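Structural overview for review
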Amino acid sequence: MHGLMMDTPLTITTILRHAERVNAASEIVSVTADAPRHRCTYADVFRRARQLANALTAAGVRPGDRVATLAWNDYRHLELYYAVSCMGAVLHTLNPRLFAEQITYIFNHGGARILFADQTLLPLVEILRPGLPALERLVVLGPDYEAFIAGQPDRYDWPELDEREASSLCYTSGTTGHPKGVLYNHRATLLHSYGSTLVDTLALSRRDSVLAVVPMFHANAWGLPYSVPMVGGKLVFPGPKMGDGATLAALIAEEQVTIAAGVPTVWQLLLNYAREHDLVFHSLERILVGGSACPLSIMNEFRDRHGVWCVHAWGMTEMTPLGTANAKPPGYDALSPVAQDAFRVRQGRPAFGVEMKIVDDAGRELPWDGASAGLLKVRGPWVCRDYYHTGEPSAAHAEPGWFATGDVANIAPDGTLQITDRAKDVIKSGGEWISSIDLENIAAGHPDLLQAAVIGVPHPKWDERPLLIAVPRPGATPTREGVLGWLEGRIAKWWTPDDVVFVEKIPLTATGKISKVELRQQFRDYRLPA
Ligand code: ADP
């Protein structure tokens with residue numbers, strides 16, 4: 001039909017062009033193995049991305065080929081993000097914290113022939129290498145990488161790509177069976193960037209200085225490498241120092257960080273560091289926290305000590321990854337403290353672009369009443385339609401047009417979501433569900449506890465009962481009775497854990513979340529007190 005709009009494809013290349021033109025001077029600050037603070041601009045990164053695209057072409061990379069990275073968050077990784085996807089190839093990010101066998105499987109399944117690896121990860125590459133027969137070229141992100149792009153022309157005509165073409169590939173950790181690949185395309189990435197910059201989602205703007213502690217190998221650092229250049233904010237990357245409180249605190253202060261993104265365990269670490277060193281983060285306005293439920297104790301400390309709002313968000317690798325985000329609602333300040341708490345523990349409302357529903361075991365839709373808990377399903381342009389080359393239909397996609405998240409949730413009438421558990425972590429006591437997330441959240445509020453995790457353990461009468469595993473705060477000596485007393489009145493009586501075990505450390509997954517799988521393994525011979 002005549003007289004319609006232009007058919008500009010929704011590609012990552014359009015972000016690149018826009019950012020290069022209008023946000024050229026915005027800064028990118030990185031901690032790398034060779035520099036405590038590397039500084040450059042978007043103009044530098046996109047110029048070097050063109051050199052990199054030429055170098056990749058010369059190395060034989062063609063559209064559709066996978067290019068793998070095993071790297072921390074920094075400007076070189078960002079150059080790879082744009083060069084690879086915008087030349088029509090597929091960026092395959094690998095998580096170095098996985099077991100070597102898992103990385104080997106993921107690399108081989110993805111099918112890349114070239115790997116870009118961080119200098120600090122070379123010992124790992126040496127371990128992996130014998131298991132990667134298809135690997136033809138290794139480029140180390142340091143002088144080797146500089147030599148790889150040096151001498152290449154900084155002119156490269158980015159091709160006009162179809163928006164449905166693949167742009168990047170990321171595998172979920174896969175707690176059961178093999179890890180599964182999620183293949184993103186340009187269209188999903190671009191729409192996700194629009195959706196995640198909105199004021200009621202992450203509210204990203206040019207005035208923001210954004211610290212991405214969520215790794216670029218974990219669901220594309222939650223899309224920040226695309227959404228921040230889209231708006232022109234400053235990007236701050238901690239490189240290999242992602243788990244180092246001192247580096248994170250220094251970056252926040254020196255780079256005037258306004259928003260920082262990461263999983264709850266990272267924020268726990270940073271808060272401990274700030275408390276021990278008597279620091280207050282004056283520039284910080286928001287923390288974007290997700291990946292697992294954020295305990296209220298973390299959000300309270302950010303609010304009370306640093307004046308920071310925690311945007312509690314829920315998402316999945318399969319969702320590019322943003323699903324919902326908990327921005328401050330209208331009328332929030334007039335709510336009672338109890339109502340404010342009840343609001344903050346929820347994961348918020350869906351970004352435009354994400355449709356959700358909750359269903360019972362028979363697939364019947366449940367009401368949005370804030371109480372009925374069911375299996376959460378989603379759909380939308382940035383939700384994955386299937387997994388990458390699995391050779392068998394995915395159970396998560398059994399209902400046509402919907403993706404079953406594997407999470408259990410309730411939804412309030414206004415669309416505010418609350419994740420009560422992962423379906424496989426739910427504790428079934430006498431046929432009723434106990435939310436391990438709720439229990440953990442309340443237990444972690446105990447003044448003497450640093451961290452709490454709840455798993456179900458077998459029980460002769462009730463099938464399963466909750467076991468609370470807790471890490472005391474340094475110097476504190478909480479007791480089982482004290483903790484159970486704290487829970488009394490704060491939870492339904494039948495939710496009371498049958499036992500409390502104190503440990504020094506709770507095992508984490510490769511994405512920094514409490515590993516329930518490992519905890520269940522650790523406590524497999526545990527018997528509840530009679
Ligand atoms: P991985 O399992 O590899 O860490 P994901 O990051 O994709 O991969 O994990 C997504 C899952 O993390 C969700 O299905 C959900 O169970 C959990 N999750 C993410 N954000 C939250 C949140 N804010 N609260 C509770 N659970 C969350």
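Residues numbered from 1 in each chain as written. Predicted model: local features only at pLDDT ≥ 70, side-chain atom pairs only at ≥ 80, totals over all residues. Heavy atoms only, no water.

1. Quick look at the overall build of the chain
Our working definition: Elements are defined by DSSP. Helices are runs of H or I of four residues or more, strands are runs of E of two residues or more, and each kind is numbered from the N terminus. Based on C-alpha atoms, the radius of gyration is set beside the globule rule, defined as 2.2 Å times the residue count to the power 0.38. We call two residues contacting when some pair of their heavy atoms lies within 4.5 Å. Residue exposure ignores everything except the shown protein chains as possible cover, and the areas themselves are Shrake-Rupley values with a 1.4 Å probe. Charged residues are defined here as Lys and Arg on the positive side and Asp and Glu on the negative side; His and the ends of the chain fall outside this count. One atom stands in for each charge, and that atom is NZ of Lys, CZ of Arg, CG of Asp or CD of Glu.
The helix and strand tally for the chain stands at 16 helices and 24 strands. Here the C-alpha radius of gyration of the chain, 23 Å, is about what a compact globule of 530 residues would show, namely 24 Å. For the chain, the C-alpha atoms occupy an extent of roughly 70 × 55 × 55 Å along the three principal directions. When contacts within the chain are restricted to residue pairs at least 6 apart in sequence, long-range pairs at least 24 apart make up 68% of them. In the structure as shown, the chain presents an accessible area of about 22,300 Å², 54% of it carried by carbon and sulfur atoms. The positive charge centre, built from 50 side chains, and the negative charge centre, built from 58, are 1 Å apart in the chain.

2. Quick look at the domain arrangement of the chain
Where we set the bar: As annotated, the domain borders come from an automatic or database domain assignment. By definition here, a salt bridge exists when the distance from a side-chain nitrogen of Lys or Arg to a carboxyl oxygen of Asp or Glu is within 4 Å. Each polar contact in these results corresponds to two N or O atoms within 3.5 Å; when the atoms are within protein, one needs to be able to donate a hydrogen and the other to accept it, and residues that are neighboring in sequence are counted only if both atoms are side-chain atoms.
Along its sequence, the chain is carved into domain 1 (15-344), domain 2 (354-380 + 388-421) and domain 3 (427-522). Using only C-alpha atoms to locate each centre, domain 1 and domain 3 end up separated by 32 Å. Counting residues at the interface gives 18 residues for domain 1 and 13 residues for domain 3. Taken together, domain 1 and domain 3 are joined by zero salt bridges. Between domain 1 and domain 3 we count five residue pairs in polar contact (both at pLDDT 80 or more) in total. Breaking the side of domain 1 that touches domain 3 down by element, the ones donating at least two residues are α11 (264-276) and α12 (296-306).

3. Thoughts on the side chain of D425
Put simply, the rule is: Burial classes: relative accessible area under 20% of the type maximum marks a residue as buried, over 50% as exposed, and values in between as partly exposed (1.4 Å probe, protein chains only).
By the secondary structure assignment, D425 is in the loop between β19 (417-422) and β20 (427-429). For D425, a relative accessible area of 11% translates into the label buried. A polar contact is formed between the side chain of D425 and the side chain of R520, at a distance of 3.0 Å.

4. Some points on the sheet that holds strand β3 (residues 66-70)
Keep this limit in mind: Should DSSP find at least two bridges between two strands, the strands are regarded as paired. For helices, the fitted axis covers only the stretch in contact; all axes are lines through C-alpha atoms, and the angles between them, taken along N-to-C directions, range from 0 to 180 degrees.
Strand order in the open sheet made by the six strands is β6-β5-β3-β4-β7-β8, with mixed pairing throughout. In this open sheet, the two strands that pair with only one neighbour each are β6 (137-141) and β8 (181-185). Strand-to-strand twist across the sheet, computed as the mean angle between neighbouring axes with direction ignored, equals 20°. The sheet contact formed by strand β5 (residues 114-118) and β6 spans five bridges and is parallel. Across the sheet, A117 pairs through a bridge with V140, a residue of β6. Running at roughly 155° to strand β7 (residues 166-171), helix α4 (residues 100-110) makes contact with β3, β4 (90-93), β5 and β7 of the sheet.

5. Details of the packing of helix α7 (residues 186-197) against helix α9 (residues 224-231)
Convention followed: To sort the angles, those under 35 degrees are grouped as roughly parallel, those over 145 as roughly antiparallel, those from 65 to 115 as roughly perpendicular, and the leftovers as oblique. Take the far helix as the reference: if the near one is turned anticlockwise from it by less than a right angle, the crossing is left-handed, and if turned clockwise, right-handed. Residues are sorted three ways: Asp, Glu, Lys and Arg are charged, Ala, Val, Leu, Ile, Met, Phe, Trp, Tyr, Cys and Pro are nonpolar, and all the rest, Gly among them, are polar.
Contact geometry for α7 and α9: axes closest at 9 Å, N-to-C directions at 65°. On the basis of their axis angle, the class for α7 and α9 is roughly perpendicular. Viewed along their axes, α7 and α9 form a crossing whose handedness is right-handed. Contacts between α7 and α9 involve T189, L190, S193, Y194, S196 and T197 on the former and, on the latter, Y226, S227, M230 and V231. Residue classes in the contact of α7 with α9 are distributed as five nonpolar, five polar and no charged.

6. Thoughts on the site of the ligand
Put simply, the rule reads: We call a residue near a molecule or strand as soon as one heavy atom of that residue lies within 4 Å of the molecule or strand.
Of all residues adjacent to the ligand, which total 17 residues, the nearest are S173, A313, T317, D407 and R422. Here a nitrogen atom of the ligand and a backbone polar atom of G291 are 3.0 Å apart. Between a nitrogen atom of the ligand and a main-chain N or O atom of A313, the distance comes to 2.7 Å. For the ligand, whose free accessible area comes to 570 Å², the fraction covered by protein is 93%. Secondary structure elements with two or more residues in the shell around the ligand: β13 (309-315) and β19. Considering each element in turn, the shell around the ligand owes the most residues, four residues, to β13. Class assignment for the residues of the shell around the ligand results in five nonpolar, nine polar and three charged.

7. Brief notes about the sheet that holds strand β12 (residues 286-289)
Pairing in this open sheet of nine strands is mixed, and the strands run β2-β1-β10-β9-β11-β12-β13-β14-β15 from one edge to the other. Across the chains shown, the open sheet's two edge strands, defined by having one partner strand only, are β2 (38-41) and β15 (349-350). Across four bridges, the pairing between strand β1 (residues 27-30) and β2 is antiparallel. Within β2, the residue paired with S30 across the bridge is H38.

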